Amino acid sequence: MLSKRIIACLDVRNGQVVKGVNFEGLRSAGDPAALARRYNAEGIDELVILDITATIEARQALGDTIRRVARELFIPLAVGGGIRSEADAGAAVDAGADKVSLNTAALANPALITTLADRYGSQAVVVAIDAKTEGDRFAVFARSGRHAADRDAVDWAREAEARGAGEILLTSIDRDGTKRGFDCELTAAVSRAVSIPVIASGGAGTLDDFVEVFTAGRADAALAASIFHDAETSVRALKEHLRARRIPVRLC
Amino acid sequence: MSAASAIALIDYGAGNLTSVRKALAALGADVLVPAQPADLADARGVIVPGVGHFGATARLQGAWTDAILARVGEGRPLLGICLGMQWLYESSDEAPDVPGLGLFSGNCYKLRADAVKVPHVGWNDLHIDHPSSILDGVADRSQVYFTHSYVAPATNDTAATTDHGARFAAVVQRGHVAGVQFHPEKSGEVGLQILRNFLAMAG
């Protein structure tokens, strides 16, 4: 049976892992390669490196970070943040990324999804959607959650799939960094609308939050950062908790 | 290092080779990406990777196919990964006009999305049906990383199956020709063990 994936996100700025609360107030959480090694030993299923500064200088540092992490890890590695063009995606792939995650660039230029899917395959193209509940809809935001994109998350996910995206990385801006649990309503709405996998992100605080997002939220994978970085729980403890509740996971 | 000791990794424009290269390098293998079929002459083993559309394998027809079959005829091991495994069969519904290599019988077909999501993306179990050298040291129910929509049918040559809506061939092997539907280069220690087994077959 297909396992539910647990994905660790390394938010990286200038080669160091940081994690924000509601996209602001960043604090440092360590060396990316060291963290990646620890997660891999604990049985993480996949890693995402998210470059949260994405200036030109930082992007070169990012290439080095990708290479350092990819050299010793033989699990899927996705890279996002500041990927605006085919060339940016190519640089990430050449450095060792298996998948690139597009957010603002996909909203500004949806054809980029198709260009990258044609070049690297749909499995290599993740469309990241940052969304916030507004009344009875889920509003999409660009530029690290600062800019309303005037799109509905469910519609945008459908369009991204049609254009060749292989996965959706769905972040709840309301929950991000709060540890109040995933937004299961948002996640289930998007997961029902597409046949590609949906990775839920934002709000993981307790082990039961993951149980909830894999059942009520219909997520195919769940992504978390601070819950692992701060060593509040290990990947292994989380997976044992999920398995005890009959959620299929990879234990190794 | 001479090409005689290298594993040939075939680049036919179907996806990126970086990950497979890296994994083989981590296991100490020399890897050669041949620019032309003649460069395959001294390879001690051949790997056909690939993701994406079966139609891309059309580029392997003719001289590449001849060179690969010549190596197989000399007893050199061949490993197909993902789309590369599907190419070892006779055909695929994904591109009915493009013939496969036909070393294994059967037609590749799309997974049904009735009760499960397709594409099949993520870690899933290997159900090992019978012992094979490519799975040496790999425990039954080990998990490996898949990302695909089309599959090869389970036949007598199938060494392991995986269930996603229905059972399909996850590992196939006959003699020194093997295929894996998943990505050993992305499947952690289990995947590295499978690549080690292939390198052992290549001597």
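Thresholds applied
- Residues numbered from 1 in each chain as written.
- Chains lettered and ligands numbered in written order.
- Predicted model: local features only at pLDDT ≥ 70, side-chain atom pairs only at ≥ 80, totals over all residues.
- Helix = DSSP H or I, 4+ residues; strand = E, 2+ residues; numbered from the N terminus.
- Rg over C-alpha atoms; globule rule 2.2 N^0.38 Å.
- Buried ≥ 20, exposed ≤ 12 C-beta atoms within 10 Å, placed from the backbone.
- Contact = placed C-beta atoms within 7 Å.
- Nonpolar A, V, L, I, M, F, W, Y, C, P; charged D, E, K, R; others polar.
- Pairing = 2+ DSSP bridges.
- Arc of directions from axis to C-beta.
- pLDDT = per-residue confidence, 0-100.
- Axes fitted to C-alpha atoms, helices over the stretch in contact; angles between N-to-C directions.
- Parallel < 35°, antiparallel > 145°, perpendicular 65-115°, else oblique.
- Left-handed = near helix turned anticlockwise from the far one by under 90°.

### Description of the overall build of chain B
For step 1, the next point in the chain: The helix and strand inventory of chain B stands at four helices and 13 strands.
For step 2, the next point in the chain: Scaling as 2.2 N^0.38, a compact globule of 203 residues should have a C-alpha radius of gyration of about 17 Å, and chain B matches this with 15 Å.
For step 3, the next point in the chain: Along the longest, intermediate and shortest principal axes, the C-alpha atoms of chain B span 50 × 40 × 30 Å.
For step 4, the next point in the chain: Relative to its full complement of 203 residues, chain B shows a buried share of 54%.

### Examining the overall build of chain A
For step 1, the next point in the chain: The helix and strand inventory of chain A stands at 10 helices and 12 strands.
For step 2, the next point in the chain: For chain A, the C-alpha radius of gyration of 16 Å lies close to 18 Å, the compact-globule estimate for 252 residues.
For step 3, the next point in the chain: When the backbone C-alpha atoms are referred to their principal axes, chain A occupies close to 45 × 40 × 35 Å.
For step 4, the next point in the chain: Relative to all contacts within chain A whose residues are 6 or more apart in sequence, the contacts with residues 24 or more apart total 64%.

### A word on the interface of chain B and chain A
For step 1, the next point in the chain: Taken together, the contacts link 28 residues of chain B with 24 residues of chain A.
For step 2, the next point in the chain: The set of elements that each furnish at least two residues to the side of chain B that touches chain A consists of α1 (18-26), β7 (120-125), β9 (143-148), β11 (158-164) and α4 (188-201) of chain B.
For step 3, the next point in the chain: The element contributing the most residues to the side of chain B that touches chain A is β7 of chain B, with six residues.
For step 4, the next point in the chain: Its residues assigned to classes, the side of chain B that touches chain A comprises nine nonpolar, 13 polar and six charged.

### Points about the pairing of strand β9 (residues 147-152) of chain A
All names here are of chain A.
For step 1, the next point in the chain: Bridging between strand β8 (residues 137-142) and β9 involves three bridges; their strand directions are antiparallel. Bridging across to β9, Phe141 finds its partner in Ala148.
For step 2, the next point in the chain: Counting the residues that bridge the hairpin from β8 to β9 gives four residues, and of these Arg143 lies at a positive phi of roughly 50 degrees.

### Topic: the sheet that holds strand β2 (residues 30-32) of chain B
All names here are of chain B.
For step 1, the next point in the chain: Strand order in the open sheet formed by eight strands is β2-β1-β3-β4-β13-β12-β11-β8, and the pairing between neighbours is mixed. Two strands bound the open sheet, and with one partner strand each, they are β2 and β8 (127-128).
For step 2, the next point in the chain: One ladder, built from three bridges, connects strand β1 (residues 6-9) with β2; its direction is parallel. By the bridge assignment for β2, Ala8 is matched with Leu32.

### A closer look at the sheet that holds strand β10 (residues 150-151) of chain B
For step 1, the next point in the chain: Reading across from one edge, β5-β6-β10 (chain B) is the order of the three strands in this open sheet, with mixed pairing throughout. Of all strands in the sheet, those with a lone pairing partner are β5 (91-92) and β10 of chain B, marking the two edges.

### Quick notes on α1 of chain B
Residues and elements named next belong to chain B.
For step 1, the next point in the chain: If you check which residues of α1 are buried, you get Ser19, Val20, Ala23 and Leu24. Projected down its long axis, α1 carries its buried residues within an arc of 130 degrees, all on one side.
For step 2, the next point in the chain: Each element contacted by the buried residues of α1 is listed here: β1, β2, β3 (45-48), β4 (78-81) and α4.
For step 3, the next point in the chain: Backbone geometry just after α1 places Gly28 at a positive phi near 85 degrees.

### Observations regarding the confidence of the model for chain A
For step 1, the next point in the chain: Mean pLDDT over chain A works out to 89, with 92% of the residues at or above the 70 mark.
For step 2, the next point in the chain: Scored below 50 in pLDDT, residues 20-28 of chain A shows 16 contacts in the model against residues more than four places distant or in partner chains.

### Details of helix α8 (residues 207-215) of chain A
For step 1, the next point in the chain: Those residues of α8 of chain A that fall on the buried side of the exposure criterion are Asp209, Phe210, Val211, Val213 and Phe214 of chain A.
For step 2, the next point in the chain: The inward-facing, buried residues of α8 of chain A contact α7 (184-193), β11 (198-201), β12 (221-224) and α10 (235-244) of chain A.

### Re the environment of Leu102 of chain A
For step 1, the next point in the chain: Along the chain, Leu102 of chain A turns up in strand β6 (residues 99-102).
For step 2, the next point in the chain: In this structure Leu102 of chain A touches Ile83, Leu112, Ile113, Val127 and Ala128 of chain A, once residues within four positions along its chain are discounted.

### Regarding unusual backbone geometry
For step 1, the next point in the chain: The linkage connecting Val118 of chain B with the following residue, Pro119 of chain B, adopts the cis geometry, with an omega of 10 degrees.
For step 2, the next point in the chain: One non-glycine residue, Lys179 of chain A, lies in the positive phi region at around 60 degrees.
For step 3, the next point in the chain: Relative to the helices and strands, Lys179 of chain A resides in the loop between β10 (167-172) and α7.

### Description of the packing of α8 of chain A against α10 of chain A
Residues and elements named next belong to chain A.
For step 1, the next point in the chain: Where α8 meets α10, the closest approach of the two axes is 9 Å, and the angle between their N-to-C directions is 50 degrees. Comparing their axes, α10 and α8 come out oblique. α8 and α10 meet at a crossing whose hand is right-handed. In contact with Leu207, Phe210 and Val211 of α8, α10 contributes Leu238, His241 and Leu242.

### Observations regarding the pairing of β7 of chain B
All names here are of chain B.
For step 1, the next point in the chain: Across the six residues that make up β7, a large majority, six, are buried.
For step 2, the next point in the chain: Both β7 and β9 contribute to a ladder of six bridges, which runs antiparallel. Bridge assignment links Val121 to a residue of β9, and that residue is Thr147.

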